[in-house]
Amino acid sequence: MFLLPNPYGREQVSLNGEWSAIVDQYEVGTGKRMWLDREPADKSEFIEYSWNGALKLDVPGDWNHQVPELWRYEGTVWYARHFEAQPDPDKRYILYFAGVSHRCEVWLNGRRVVAHEGSFTPFQADVTRELKAGDNFLVVRVHNNRREDAIPAMSFDWWNYGGITRDVMLFSVPQLYVSDYFVRLKEGTTDTIAADIEVNPPFKGVEVNISIPELKLKGKAKTDEKGIARFQLKPRKLRLWNPLEPKLYDVVISTAEDRVSDLI
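Nothing here was measured: the structure is a model prediction, and the numbers come from that model.

1. Thoughts on the overall build of the protein
1) Next: Counting its regular elements, the protein contains one helix and 16 strands.
2) Next: Considered along the principal axes of its C-alpha atoms, the protein spans approximately 75 × 50 × 30 Å.
3) Next: The buried share among the 264 residues of the protein stands at 45%.
4) Next: When the accessible surface of the protein is split by element, carbon and sulfur atoms take 50% of a total near 15,200 Å².

Quick look at the structure:
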């Protein structure tokens, strides 16, 4: 799955803060369906876990530094939190994790939405269907077990941290939005800018605009059958980046929303 570009520049709600946590030393949480926020229906029903009164961990952060007993812990910890939402039917919602050490599975309102491996790489899930108005329940199963065929392996030269170690955010985007872009010099030239801009869903015929205000440069193109609009722009005076005189330009990318609504 693609990764949302420029995440910190998007409309977002932070899900950082204090999360409930349950240490699953014996790996029984999956069988007990701990991704559900269950309470006994009556005095005769017995549920072998409870999120009420559970351990509290800060997100982002590793569990090693927050609880002395978890300093050397290697295994599984379940994280959970409630949050409020009021979804707009004209938007889509992306749940984004900037980093979890090392492997995880994610459930929203009882539905598994994504799994990921890799401590330092972000990942996301489109949760438009799972998100509901009012209270939402988010659960993440995190484990930092070492494996011979993975990173970290059984022997390595850094501490085996575990936890939700980077930001967690919920993004809202239009029903059709820019899902990826690549702006660079055209190969073999120093005076021509090439750009590929992708929209999601990958409709054909969507009008996409690009501009570089400082260069007074504008371009317009329509997406192909893969949902990609391609540009070649030739500015009059382009300063190239170099280590002694680094130069960056602001780039503005947008879609023609009236045309998008027709396609949807």
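2. Some details on the sheet that holds strand E1 (residues 12-14)
1) Next: Strand order in this open sheet of four strands is E1-E10-E5-E8, and the pairing throughout is antiparallel. This sheet does not close on itself; its edge strands, each paired only once, are E1 and strand E8 (123-126). The average undirected angle you get between the axes of adjacent strands in this sheet is 20°.
2) Next: Summarising the sheet, strand E5 (residues 91-97) and strand E10 (residues 168-174) pair through seven bridges and their orientation is antiparallel.

3. Examining the pairing of E5
Along any regular strand, the residues point their side chains to alternate faces of the sheet.
1) Next: Across the seven residues of E5, six count as buried, placing the element largely inside the fold.
2) Next: In terms of strand pairing, E5 meets E8 through four bridges, oriented antiparallel. Among the inter-strand pairings, Phe97 is bridged to a residue of E8, identified as Phe123.

4. Overview of the pattern of salt bridges
1) Next: Scanning the entire structure with this criterion turns up 13 salt bridges.
2) Next: A salt bridge links Lys220 to Glu207; the nearest nitrogen and oxygen atoms lie 3.9 Å apart. Here Lys220 is found in strand E14 (residues 217-222), whereas its partner Glu207 is found in strand E13 (residues 207-212), with 13 residues between them in sequence.
3) Next: Look at Lys220 and you get exposed, because its relative accessible area is 58%.
4) Next: Close ionic contact of Arg230 with Asp224 constitutes a salt bridge, the shortest N to O distance being 3.6 Å.
5) Next: On the accessibility criterion, Asp224 (18% relative accessible area) is buried.
6) Next: Put simply, Glu27, Glu105, Arg112 and Arg141 are held in one network by salt bridges that share partners.

5. Regarding the environment of Leu176
1) Next: By the element assignment, Leu176 lies in the loop between E10 and strand E11 (177-185).
2) Next: Between the C-alpha atom of Leu176 and that of Val206, which follows or precedes it by 30 residues, the distance is 9.5 Å.

6. Thoughts on the packing of aromatic side chains
1) Next: Taken as a whole and judged by the stated rule, the model has eight aromatic pairs.
2) Next: Measuring from ring centre to ring centre gives 6.4 Å for Tyr49 and Trp51, while their planes differ by 75°; the resulting arrangement is edge-to-face.
3) Next: Exposure remark for Tyr49: the relative accessible area of 8% places this residue in the buried category.
4) Next: The exposure class assigned to Trp51 is buried, which follows from its relative accessible area of 6%.
5) Next: Here the aromatic cluster, defined as three or more aromatic residues joined through ring pairs, consists of Trp35, Trp78 and Trp107.
6) Next: For the cation-ring pair, Lys247 lies above Tyr249, with the distance from its terminal atom to the ring centre recorded as 4.8 Å.

Quick notes on the rules
- Residues numbered from 1 in each chain as written.
- Predicted model: local features only at pLDDT ≥ 70, side-chain atom pairs only at ≥ 80, totals over all residues.
- Heavy atoms only, no water.
- Helix = DSSP H or I, 4+ residues; strand = E, 2+ residues; numbered from the N terminus.
- Buried < 20%, exposed > 50% of the residue type's maximum accessible area, 1.4 Å probe, protein only.
- Areas by Shrake-Rupley, 256 points an atom, 1.4 Å probe, with all protein chains shown as cover.
- Pairing = 2+ DSSP bridges.
- Axes fitted to C-alpha atoms, helices over the stretch in contact; angles between N-to-C directions.
- Salt bridge = Lys/Arg side-chain N within 4 Å of Asp/Glu carboxyl O.
- Phe/Tyr/Trp six-rings, centres within 6.5 Å; stacked < 30°, edge-to-face > 60°.
- Lys NZ or Arg CZ within 6 Å of the ring centre and 35° of its normal.

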